[in-house]
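# Per-entry structural report
These are the residues of each chain, in order.
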Amino acid sequence: MIPGQAYFFCGVGGSGMTPLALIVQARGGVVEGSDRALDQGRNAARFDFLRGRGVVLHPQDGSGVNRVGQILVMSGAVEESIPDVKSARRLGLTIMTRAELLAELFNAATVRIGVAGTSGKSTTTGMVGWILDRAGQDPTIMNGAEMKTYIAADAPFASARVGSGAAFVSEVDESDGSIALFSPSVAVVNNISLDHKSMEELRALFGGFTAKAQTAVLNLDNGETRALAAAAPPERTITYSLSDRAADLLAGPPTQRPDGIDFGVTALASGETVAVSLRVPGLHNVANALAALGAARACGVALTDAARALGEFSGIRRRFEVVGTAKGVTVIDDFAHNPDKIAATLDTLHAFPGRLLLMFQPHGYGPLKLMRQAFVDVFAERMAEADVLLMPEPVYYGGTTDRSVTSRDITEALAARGRKAAALPDRPACGDRLVELAAPGDRIVVMGARDDTLSQFAAEVLGRL
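Residues numbered from 1 in each chain as written. Predicted model: local features only at pLDDT ≥ 70, side-chain atom pairs only at ≥ 80, totals over all residues. Heavy atoms only, no water.

A few words on helix H6 (residues 121-134). With 14 residues, H6 should reach 20 Å at 1.5 Å per residue; the first-to-last C-alpha distance of 20 Å fits that figure. Here H6 lies mainly inside the structure; 13 of its 14 residues are buried. Gly-136 lies just past H6 and shows a positive phi near 85°. (Helix = DSSP H or I, 4+ residues; strand = E, 2+ residues; numbered from the N terminus. Expected span 1.5 Å × (residues − 1). Buried < 20%, exposed > 50% of the residue type's maximum accessible area, 1.4 Å probe, protein only.)

This part covers the sheet that holds strand E21 (residues 420-423). To summarise the sheet geometry, strands pair through backbone hydrogen bonds and adopt either a parallel or an antiparallel arrangement. Spatially, the six strands line up as an open sheet ordered E17-E18-E22-E19-E20-E21, and their pairing is mixed. The open sheet has two free edges, formed respectively by strand E17 (321-326) and E21, since each of these has just one partner strand. The sheet shows a mean angle of 15° between the axes of neighbouring strands, direction not considered. In terms of strand pairing, E17 meets strand E18 (residues 329-334) through five bridges, oriented antiparallel. Pairing of Val-322 across the sheet is with Ile-332, part of E18. (Pairing = 2+ DSSP bridges. Axes fitted to C-alpha atoms, helices over the stretch in contact; angles between N-to-C directions.)

Attention now goes to the pairing of strand E9 (residues 167-171). Note on strand geometry: in a regular strand, side chains alternate between the two faces of the sheet. Summarising burial for E9: five of the five residues are buried, a large majority. In this structure, strand E6 (residues 111-116) lies alongside E9, joined through five bridges in parallel fashion. Bridge pairing links Ile-113 to Val-169 in E9. Strand direction decides the pairing type here: strand E7 (residues 140-142) and E9, joined by three bridges, are parallel. In the sheet register, Ile-141 faces E9, and the bridge partner there is Val-169.

Note that Asp-333 resides in strand E18. Side-chain polar atoms of Asp-333 contact the side chain of Ser-455, separated by 2.6 Å. If sequence neighbours within four positions are ignored, Asp-333 has contacts with Arg-318, Arg-319, Phe-320, Glu-321, Val-323, Val-446, Leu-454, Ser-455 and Ala-458. (Polar contact = N/O pair within 3.5 Å; in protein donor to acceptor, adjacent residues only side chain to side chain. Contact = heavy atoms within 4.5 Å.)

As a further point, take unusual backbone geometry. Located in the positive-phi region is Asn-43, a residue other than glycine, with phi close to 55°. Following the sequence through the fold, Asn-43 ends up in the loop between helix H2 (36-39) and helix H3 (44-52). Within the chain, Lys-327 stands out as a residue other than glycine whose phi angle is a positive 55°. Checked against the element boundaries, Lys-327 lands in the loop between E17 and E18. Residue classification places Lys-327 among the exposed residues on the basis of a relative accessible area of 71%.

In spatial order, the strands read E3-E2-E1-E4-E5; together these five strands make up an open sheet with parallel pairing. Strand pairing shows two members of the sheet lacking a second neighbour, strand E3 (56-58) and strand E5 (94-97), which therefore form its edges. Taken over all neighbouring pairs, the strand axes of this sheet differ in orientation by 25° on average, direction set aside. Across four bridges, the pairing between strand E4 (residues 71-74) and E5 is parallel. Note on E5: the bridge partner recorded for Met-74 is Thr-97. Strands strand E1 (6-10), strand E2 (30-34) and E4 of the sheet are contacted by helix H1 (residues 17-26), whose axis makes an angle of about 175° with E1.

Turning next to the pairing of strand E16 (residues 273-278). Burial along E16 is one-sided: Val-274, Val-276 and Leu-278 are buried, while Thr-273, Ala-275 and Ser-277, pointing the other way, are not. Pairing between strand E15 (residues 260-267) and E16: six bridges, direction antiparallel. Of the residues in E16, the one forming a bridge with Val-265 is Val-274. The antiparallel pairing of E15 with E16 creates a hairpin that spans five residues between the two strands, and Gly-271 there sits at a positive phi of about 80°.

Phe-9, Leu-20, Val-24, Leu-101, Phe-168, Phe-206 and Phe-209 are the most contacted members of the largest nonpolar core, which has 48 residues in total. With six residues, the top contributor of residues to this core is H1. Ignoring sequence-local partners within four residues, the contact set of Leu-101 consists of Tyr-7, Phe-9, Leu-20, Val-24, Val-73 and Met-96. (Core = buried A, V, L, I, M, F, W, Y, C linked by side-chain atoms within 4.5 Å.)

On to the packing of helix H15 (residues 427-437) against helix H16 (residues 453-464), then. Contact geometry for H15 and H16: axes closest at 10 Å, N-to-C directions at 35°. Crossing geometry of H15 relative to H16 is assigned as right-handed. When H15 is examined against H16, the residues Arg-427, Cys-430, Gly-431, Asp-432, Leu-434 and Val-435 are found in contact with a partner set consisting of Thr-453, Leu-454, Phe-457, Val-461 and Arg-464. Broken down by class, the residue content of the contact of H15 with H16 amounts to six nonpolar, two polar and three charged. (Left-handed = near helix turned anticlockwise from the far one by under 90°. Nonpolar A, V, L, I, M, F, W, Y, C, P; charged D, E, K, R; others polar.)

Scanning the entire structure with this criterion turns up 19 salt bridges. Glu-146 is paired through a salt bridge with Arg-46; the nearest N and O atoms lie 3.1 Å apart. Remark: Arg-46 occurs in helix H3 and Glu-146 occurs in the loop between E7 and strand E8 (160-161); sequence separation between them is 100 residues. The buried category is assigned to Glu-146, whose relative accessible area is 11%. Here Glu-80 makes a salt bridge to Arg-89, at a shortest N to O gap of 2.7 Å. Owing to a relative accessible area of 48%, Arg-89 belongs among the partly exposed residues under this scheme. Within this structure, Asp-133, Asp-138 and Arg-161 form a network of salt bridges that share partners. (Salt bridge = Lys/Arg side-chain N within 4 Å of Asp/Glu carboxyl O.)

If you trace the backbone, His-337 turns up in the loop between E18 and helix H11 (339-349). You can call His-337 buried: its relative accessible area is 6%. A distance of 2.9 Å separates the side chain of His-337 from the backbone oxygen of Phe-335, its partner in a polar contact.

So this is what it looks like as structure tokens:
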């Protein structure tokens, strides 16, 4: 990118847009932006943070897109009907998607670590970045969520880290097909399962992504990523597993704690074994850690040094984040929004006693329709008899999305399978019911994506207890 180039981020408050805007600004770009959440008075703290970093904010009415030479950067939620886009078209400006700009920056780096997969991307990206940072490689990290290790008083939204080293670590997304734009030197794929696209489309996207890499870090415990590993030259793969002794990195039996998990890792080639003590719980985080260790190995970091750094990693916001406990009830804020993530969260919680009071807000009508049966199956199979699920309607910010499948379709199917589930008119109604039901020993879990106010909702529920 050219220093001094003017960029206008339409949707600058989005979880993938804010860190990208800050990276562009740190590299000499002039950044302005707009967001409908700003116009609606939502997420004020995030916009105050951006202003404090020198990002000029405008109403999303086209007024900020006003001169030749600007580049308009669109988030995935922005439609052609938005006034900013119309202004850019009228002025003949260059228009880029968020993914196109990120791929341009990523592909220009010397060492390019792309972290992909249906689940675990943000946590693994944070882990890899932290390991490389502690190893003195001064990486740039582009994450879709805030990394708690980097949060500070002057950086409350630490989803990006700008470094001067050769490495660029980035979460990459398959949901919109943009993963095809990235050319990684190290490609990490945690898992592949149904989310936004058909399995046929996903296999093609992930296969193309790993084929471009010098080293692919792949999970032998997932059937789809195992197939990728089988098709790749062994000298270009680093594999990991919780159980397959053929893996390059094998985890030993884990010891679970409410606030973390301990396990050993053995390297197949050398027989070296190191201990890892994570500050984030759940077997899924063992898999994320193994992926991070594999990526670190591809970047020349010794296993012992990488394991030590993982022990310092404090996690990602909204990934099984304990908000607090009041009157014997613990409130947890969690990003789980697809079947794999929901399964991981429920399995982690059920490793310890206590009823679960779940509030799941689907992240869109499109995903709800695509994964309707998978949502029913995962809740039916993973909820205990005493657990309760409450669902408001999905996230919806306008547009022409098909809204024929609703939360009620999910809860009625679950009730028919013997689970306690109900669809309520809105989120406040869910909050009222959660507070009404809560008893000592319960855990209230707020689940969902694409809505930054879910964390505020979780905090409000805790306050009401």
